[in-house]
Amino acid sequence: MSSEWPLWEIFIRGQHGLNHRHVGSLHAPDAEMAIRNARDVYTRRNEGVSIWVVRSNDITASSPSEKGPLYDPSNSKVYRHPTFFDIPDEVGHM
Amino acid sequence: MYAQMVKSEGSKSRDEMTPEEIAFQERIDRNEKIEPKEWMPEGYRKTLIRQIGQHAHSEIVGQLPEGNWITRAPTLERKAILLAKVQDEAGHGLYLYCAAETLGVSRDELLEKLHSGNMKYSSIFNYPTLTWADMGAVGWLVDGAAIMNQVPLQRTSYGPYSRAMIRICKEESFHQRQGYDIMMKMCAGTPEQKAMAQDALNRFWYPALMMFGPSDKDSVHSAQSMAWKIKMNTNDELRQKFVDQTVPQAEYLGLTVPDPDLKWNEEKGGYDFSEPDWSEFFAVIAGNGPCNAERLGARVKAWEDGAWFRDGLMAHAAKADERARAARHAAE
Ligand SMILES: [Fe+2]
Ligand SMILES: [Fe+2]
Ligand SMILES: [Fe+2]
């Protein structure tokens, strides 16, 4: 039986108050082992306080060719940035 | 280096390139990172798989010469340190295998190619570690040479490879320092201990210089890899840097670099030194070094002896999945 262990994506919360962040991937037979292996592979120097593991196959990614349609429309919406508006100095900090 | 003599593909002049290839090269020239699912020339992908794979194999095989001394470290503290160092190397191998896998090769394929001799690992790990001083020499010189190569690779064009290198570099300086620390201890010890340190330097000096690969004049695959930014410096540049950095460190230890022609060259601002014996290098790469058979044999044995365990855990996971599905079904 040649059954390669599935690939898992590993997300680690570096400190309390921060988001989990993708740090890499590893192979493991199941979720529990993925967490144990992630502890050894990605947190040997106190890099984390919490680990998420997700099977790589369960992740759906946007395709690089969609870059234009997905992100270009926001280029023209400059009014979403506070610097678009001129507020007179007399008004004070806003 | 950890990836010596990686065969590069697809060296093309600009007017032979397709528009896609030109756009790709321009992204690299702008220092944009290339990410896994993006378009890339087939030669770029293949060369990277070879290079990252060879690097990963080196990290894994590189555990063997040091693992050899874990049970015989002179104190409990040295043992714990060496264990942590060797564990880091396992981690380095895993980061790199994952980076290679983003290019569409599977872990099993990579391991199969290592085990069948179709992929190489660094020549340095085919030398024996005979005494405790060798643990000092390996950390100081071998990890030192690895760092020389890996620091610039943090800026390599392929995103996953670059990120793996950044992680690895953070961990490497501990490796080099623990090695140098062993050397300092040995050199401050009895005359016999100092002689062991000198002997270790004598044996590892030239093999460490070989880690950077053949001289630039014989290095045929460099140009394309440098254009793609998967090789950042030439072999001779890095070797020179390594010698310039290491000689004063040897002097501090009171050890003699085993090269009668080593001397400072004021004009070039670096040392002149003797080339290693390249016929030895090519023999080791071809499989005829002192420990090639032993190293590869140990890897193959570990893989084969572990098969029942890997399969057992997969069978357990499949059963647990099945049970969970049945329970959900019953609840509906
Ligand atoms: Fe390493
Ligand atoms: Fe290392
Ligand atoms: Fe390395």
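Scroll up to find the structure this text is about.
Bear in mind that the values here come from a model prediction, so they are computed numbers and not experimental data.

1. Structural notes on the overall build of chain A
Reasoning step 1: Helix and strand content of chain A: two helices and three strands.
Reasoning step 2: When the helices and strands of chain A are read in sequence order from the N terminus, they spell out β-β-α-β-α.
Reasoning step 3: For 94 residues, the compact-globule formula gives about 12 Å, and the C-alpha radius of gyration of chain A, at 21 Å, lies well above that figure.
Reasoning step 4: Based on the C-alpha atoms only, the size of chain A along its principal axes is roughly 75 × 35 × 15 Å.
Reasoning step 5: Of all 94 residues assigned to chain A, the portion counted as buried reaches 24%.
Reasoning step 6: Across chain A, contacts joining residues at least 24 apart in sequence account for 42% of those joining residues at least 6 apart.

2. Section: the coordination of the iron ion (ligand 1)
All names here are of chain B.
Reasoning step 1: At this site the iron ion (ligand 1) is bound by Glu59 (OE), Glu89 (OE), His92 (ND1) and Glu172 (OE), with donor distances of 2.0 to 2.5 Å.
Reasoning step 2: Taken together, the four donor atoms coordinating the iron ion (ligand 1) span angles of 82 to 148 degrees at the metal, a pattern that classifies the geometry as irregular.
Reasoning step 3: Read in sequence order, the donor residues for the iron ion (ligand 1) give the motif E-x29-E-x2-H-x79-E.
Reasoning step 4: Separation of the iron ion (ligand 1) from the iron ion (ligand 2) amounts to 3.3 Å, with Glu89 serving as a shared donor to the pair. Of this pair, Glu89 and His92 both sit in helix 4 (residues 76-101), separated by three residues, roughly a single helical turn. Of the two residues, Glu89 and His92, both sit in the buried class.

3. Structural notes on the coordination of the iron ion (ligand 3)
Residue and element names in this part refer to chain B.
Reasoning step 1: At 1.9 to 2.2 Å from the iron ion (ligand 3) lie its protein donor atoms, namely Glu59 (OE) and Gln150 (OE1).
Reasoning step 2: Separating the iron ion (ligand 3) and the iron ion (ligand 1) is a distance of 3.1 Å, and Glu59 donates to both of them. Placement of the pair is Glu59 in helix 2 (residues 42-61) and Gln150 in helix 6 (residues 133-153), with a sequence separation of 91 residues. An identical accessibility class is assigned to Glu59 and Gln150; each is buried.

4. Points about the pattern of salt bridges
Reasoning step 1: Following the criterion strictly, the structure yields 24 salt bridges over all chains and no others.
Reasoning step 2: We note a salt bridge from Arg44 of chain A to Glu171 of chain B, for which the minimum N-O separation is 2.9 Å. In this pair, Arg44 of chain A is assigned in the loop between helix 1 (31-42) and strand 3 (50-55) and Glu171 of chain B in helix 7 (residues 159-187), connecting two distinct chains.
Reasoning step 3: Residue Glu171 of chain B is classed as buried on the basis of its relative accessible area of 4%.
Reasoning step 4: Among the ionic pairs, Lys85 of chain B bridges to Asp143 of chain B, the shortest N-O distance being 2.9 Å. Linking Lys85 of chain B in helix 4 with Asp143 of chain B in helix 6, this pair joins segments that are 58 residues apart in sequence. Residues Lys85 of chain B and Asp143 of chain B agree in their burial class; the two are buried.
Reasoning step 5: Each of Arg44 and Arg45 of chain A together with Asp88 and Glu171 of chain B takes part in one network of salt bridges that share partners.

5. Some points on the packing of helix 8 (residues 191-210) of chain B against helix 10 (residues 235-253) of chain B
Residues and elements named next belong to chain B.
Reasoning step 1: At their nearest, the axes of helix 8 and helix 10 sit 13 Å apart, and the two run at 175 degrees to each other. With respect to their mutual orientation, helix 8 and helix 10 come out roughly antiparallel. In contact with Lys194, Leu201, Trp205, Ala208 and Leu209 of helix 8, helix 10 contributes Arg239, Phe242, Val243, Thr246, Val247, Ala250 and Leu253.

6. Brief notes about the packing of aromatic side chains
Residues and elements named next belong to chain B.
Reasoning step 1: Tallied over the entire structure, the rule returns 15 aromatic pairs over all chains.
Reasoning step 2: Residues Tyr44 and Trp228 carry aromatic rings whose centres are separated by 5.6 Å and whose planes lie at 85 degrees to one another, so their mutual orientation is edge-to-face. With a gap of 184 residues between them, Tyr44 in helix 2 and Trp228 in the loop between helix 9 (222-227) and helix 10 connect regions that are remote in the sequence. As far as the burial class goes, Tyr44 and Trp228 line up, both buried.
Reasoning step 3: When the ring of Trp278 is compared with that of Phe281, the centres are 5.4 Å apart and the planes differ by 90 degrees; the resulting orientation is edge-to-face. Placement of the pair is Trp278 and Phe281 together in helix 11 (residues 278-288), with a separation of three residues, close to one helical turn. As far as burial versus exposure is concerned, Trp278 and Phe281 are alike and both buried.
Reasoning step 4: Three or more aromatic residues link up through ring pairs in this structure, and these residues are Phe24, Trp39, Tyr44, Tyr158 and Trp228.
Reasoning step 5: Sitting above the plane of the Trp69 ring, Arg72 keeps its charged end 4.2 Å from the centroid.
Reasoning step 6: Looking at Arg310, its charged tip hangs above the ring of Trp303, at a distance of 3.5 Å from the centre.

7. Quick look at the interface of chain A and chain B
Reasoning step 1: At the interface, 23 residues of chain A touch 22 residues of chain B.
Reasoning step 2: Carbon and sulfur atoms make up 54% of the surface buried where chain A meets chain B, a total of about 1900 Å² over both sides.
Reasoning step 3: Taken together, chain A and chain B are joined by five salt bridges.
Reasoning step 4: The tally of links between chain A and chain B comes to 11 residue pairs in polar contact (both at pLDDT 80 or more).
Reasoning step 5: Counting residues per element, the ones that place at least two in the side of chain A that touches chain B are strand 2 (20-27) and helix 1 of chain A.
Reasoning step 6: For the side of chain A that touches chain B, the per-class residue count stands at 11 nonpolar, four polar and eight charged.

Thresholds applied
Residues numbered from 1 in each chain as written. Chains lettered and ligands numbered in written order. Predicted model: local features only at pLDDT ≥ 70, side-chain atom pairs only at ≥ 80, totals over all residues. Heavy atoms only, no water. Helix = DSSP H or I, 4+ residues; strand = E, 2+ residues; numbered from the N terminus. Rg over C-alpha atoms; globule rule 2.2 N^0.38 Å. Buried < 20%, exposed > 50% of the residue type's maximum accessible area, 1.4 Å probe, protein only. Contact = heavy atoms within 4.5 Å. Donors = N, O, S within 2.8 Å, 3.2 Å for Na, K, Ca; no water. Tetrahedral: all angles 85-135°; square planar, octahedral: opposite > 155°, others 65-115°. Salt bridge = Lys/Arg side-chain N within 4 Å of Asp/Glu carboxyl O. Axes fitted to C-alpha atoms, helices over the stretch in contact; angles between N-to-C directions. Parallel < 35°, antiparallel > 145°, perpendicular 65-115°, else oblique. Phe/Tyr/Trp six-rings, centres within 6.5 Å; stacked < 30°, edge-to-face > 60°. Lys NZ or Arg CZ within 6 Å of the ring centre and 35° of its normal. Buried area = accessible area lost by both parts, 1.4 Å probe. Polar contact = N/O pair within 3.5 Å; in protein donor to acceptor, adjacent residues only side chain to side chain. Nonpolar A, V, L, I, M, F, W, Y, C, P; charged D, E, K, R; others polar.

Bear in mind that shape data such as this cannot, by itself, settle questions of function.
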